[in-house]
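Now for the letters of each chain:
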Amino acid sequence: MTDPIADFLTRVRNAVAAKHRVVEIPASRIKKEITRVLFEKGYILNYKFEENTFGGQGSIKIALKYHPVTKQSAITDLTRISKPGLRQYTPADNLPKVINGLGIAIISSSHGVITDKEARKLHVGGEVLCYVS
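Residues numbered from 1 in each chain as written. Predicted model: local features only at pLDDT ≥ 70, side-chain atom pairs only at ≥ 80, totals over all residues. Heavy atoms only, no water.

(A) Fine view of the overall build of the protein chain. Summing up its helical and strand segments, the protein chain has three helices and eight strands in all. Each helix and strand of the protein chain, placed in order from N terminus to C terminus, yields the pattern α-β-α-β-β-β-β-β-β-α-β. In summary, the protein chain has a C-alpha radius of gyration of 15 Å against a globular reference of 14 Å for 133 residues, a match within 12%. In terms of principal-axis extent, the alpha carbons of the protein chain reach across some 40 × 40 × 25 Å. (Helix = DSSP H or I, 4+ residues; strand = E, 2+ residues; numbered from the N terminus. Rg over C-alpha atoms; globule rule 2.2 N^0.38 Å.)

(B) Fine view of the sheet that holds strand β3 (residues 59–64). Taken together, the three strands give an open sheet; going across it, the order is β1-β3-β2, and neighbouring strands pair in antiparallel fashion. The open sheet has two edge strands with one neighbour each: β1 (22–26) and β2 (44–50). Adjacent strand axes in the sheet meet at a mean angle of 20 degrees, parallel and antiparallel pairs treated alike. In this sheet, β3 lies alongside β2 in antiparallel orientation, the contact comprising six bridges. (Pairing = 2+ DSSP bridges. Axes fitted to C-alpha atoms, helices over the stretch in contact; angles between N-to-C directions.)

(C) Just the side chain of E127, in detail. Locating E127 in the fold gives a position in strand β8 (residues 126–132). Accessibility expressed as a relative area gives 11% for E127, which makes it buried. Setting aside anything within four residues of it in sequence, one finds E127 in contact with S82, R87, Q88, Y89, I106, I107 and S108. (Buried < 20%, exposed > 50% of the residue type's maximum accessible area, 1.4 Å probe, protein only. Contact = heavy atoms within 4.5 Å.)

(D) Spotlight on the nonpolar core. The biggest cluster of nonpolar side chains holds 26 residues, and the ones touching the most others in it are V12, I62, L64 and I106. At the level of elements, α1 (4–17), β1, α2 (29–40), β3, β6 (104–109) and β8 are the ones that each hand at least two residues to this core. Among the elements that line this core, the one with the most residues is α1, at six residues. For V12, the residues in contact, after removing those within four places along its chain, are V23, I25, I62, L64, I75 and L78. Of all hydrophobic cores here, the second largest spans six residues; its members include L95, I107, I114 and V128. (Core = buried A, V, L, I, M, F, W, Y, C linked by side-chain atoms within 4.5 Å.)

(E) Representation of α2 within the structure. The terminal C-alpha atoms of α2, which comprises 12 residues, lie 17 Å apart, in line with the 16 Å expected from a rise of 1.5 Å per residue. Buried within α2 we find K31, K32, I34, T35, V37 and L38. One or two positions beyond α2, positive phi appears at G42, with a value near 85 degrees. (Expected span 1.5 Å × (residues − 1).)

(F) Region of interest: the pattern of salt bridges. Summed over the entire model, instances satisfying the criterion amount to 10 salt bridges. Across the pair E33 and R36 runs a salt bridge, and its minimum N-O distance is 2.9 Å. Pair noted here: E33 and R36 are both in helix α2, with a separation of three residues, about one helical turn. Classification of R36 by relative accessible area gives partly exposed; the value is 23%. A salt bridge links K41 to E118, with the nearest nitrogen and oxygen atoms 3.8 Å apart. You can see K41 sitting in the loop between α2 and β2 and its partner E118 sitting in helix α3 (residues 116–122), a full 77 residues away along the chain. Assessed through its relative accessible area of 37%, K41 is described here as partly exposed. A single salt-bridge network, built from bridges that share partners, covers E33, R36 and E40. (Salt bridge = Lys/Arg side-chain N within 4 Å of Asp/Glu carboxyl O.)

Structure (structure tokens):
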């Protein structure tokens, strides 16, 4: 697998399209941080990190969030921005706004994996990993 973050986003997108309640994804440090950001911003219901007994990275179980009446998912769009073939780095002055601030951009910075709003507040730039709306 050449792009594990794209695989993570695709698994979540496919689970949302199929209206699954839980999706299981192979874990890595960056995927755990992206999952934490999605939980803090209210895009997923809950998550659990499961360690592998054989010494591997383990897995992440994500409980997806749906509206109780309309059954509409909290995640409507997940877009990968920075790819292995073309990394997208952005300075603090040019951080993107997703849907005029209604969505979030997840950024890998020197302060860890944070949202675009947190990066503006800390005045740091970094690699724009993905857009979530």
